[in-house]
Amino acid sequence: PEALPRREDALALMEQWTASDSLRKHMLAVEGAMRAYAAHFGDDVERWGLAGLIHDFDYERYPNAAHATDAEHPAEGVRVLRALRYPEDVLQAILGHADYTGVARETPMARALYAVDELCGLITACALVRPSRSVNDLEASSVRKKMKDKAFARGVNRDDVLRGAAELGVELDAHIAFAIGALRERAALLGLSGAGAP
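Because the structure is a prediction, the values reported are computed rather than measured.

Asks: How would you summarise the packing of aromatic side chains if you had to cite specific residues and measurements?
Replies: Tallied over the entire structure, the rule returns 5 aromatic pairs. With a centroid separation of 4.8 Å and an interplanar angle of 55 degrees, the aromatic rings of tryptophan 17 and phenylalanine 57 are classed as tilted. Linking tryptophan 17 in helix H1 (residues 7-17) with phenylalanine 57 in the loop between helix H3 (45-54) and helix H4 (75-83), this pair joins segments that are 40 residues apart in sequence. Each member of the pair, tryptophan 17 as well as phenylalanine 57, carries the same accessibility label: buried.

Here it is in structure tokens:
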């Protein structure tokens, strides 16, 4: 198989294109969940992690409010990554994480990226409203409860979370708990290690 781009190069590219701290942290969260799922499924941890780390790197420059199929995010970013010789399966997973591209999610990596993307946003939002401001004492049941509250974290598409778990073939509560565990592993990096923590 072709050589993967190095994580530090992908991280530098992501940071160069993304000024927003919360969007950077979102990509780092999704990277963590992707790496954990790759290990869980016995697949390529570095490759899955790369897809998570870079999946929204073009979002700030090309926000795509109109949901154009082949322009703006993620199509524009994928053109950049293709020129940098990112592997095609990673590019297809990135295209597939946005329903409006019409790109089918044909690999476990693509299904996992879709399944964890919105969920990581929801978990982060849930952690930040806790008194502790930490993911370390967040339980799946709290996330389920907040999911039902339409006014909470309205940017998170609940249908995507449900469809993502179904496509990945994992039960929703187990999926939420698994993602929480992955985010706990890098809580400090994500700014989710608690109120008193740096």
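Asks: Account for the pattern of salt bridges, naming residues and giving values.
Replies: Opposite charge on two side chains permits pairing when their charged atoms draw close. Here the structure, examined in full by the defined rule, presents 18 salt bridges. Across the pair arginine 35 and glutamate 46 runs a salt bridge whose closest N-O atoms are separated by 3.0 Å. One end of the pair, arginine 35, is in helix H2 (residues 21-40); the other, glutamate 46, is in helix H3, with 11 residues separating them in the sequence. Each of Asp99, Arg105, Asp160, Arg163 and Glu167 takes part in salt bridges that share partners, so that together they form one network.

Asks: I'd like a rundown of the nonpolar core, residues and numbers included.
Replies: Met34, Ile54, Tyr86, Ile123, Val135 and Leu183 are the most contacted members of the largest nonpolar core, which totals 61 residues. Tallying contributions element by element places helix H6 (residues 108-128) first for this core, with 13 residues. Discounting chain neighbours no more than four positions away, the residues touching leucine 183 are Ala29, Ala33, Cys120, Ile123, Thr124, Val135 and Leu190.

Asks: Give a description of H4 that names residues and reports values.
Replies: Among all positions of H4, only Ala75, Gly77, Val78 and Leu81 are buried. Looking down the long axis of H4, one finds its buried residues gathered within 155 degrees of arc, a one-sided arrangement. Where H4 is buried, its residues meet H1, H3 and helix H5 (88-96). One or two positions beyond H4, positive phi appears at arginine 85, with a value near 65 degrees.

Rules used throughout
- Residues numbered from 1 in each chain as written.
- Predicted model: local features only at pLDDT ≥ 70, side-chain atom pairs only at ≥ 80, totals over all residues.
- Heavy atoms only, no water.
- Phe/Tyr/Trp six-rings, centres within 6.5 Å; stacked < 30°, edge-to-face > 60°.
- Helix = DSSP H or I, 4+ residues; strand = E, 2+ residues; numbered from the N terminus.
- Buried < 20%, exposed > 50% of the residue type's maximum accessible area, 1.4 Å probe, protein only.
- Salt bridge = Lys/Arg side-chain N within 4 Å of Asp/Glu carboxyl O.
- Core = buried A, V, L, I, M, F, W, Y, C linked by side-chain atoms within 4.5 Å.
- Contact = heavy atoms within 4.5 Å.
- Arc of directions from axis to C-beta.

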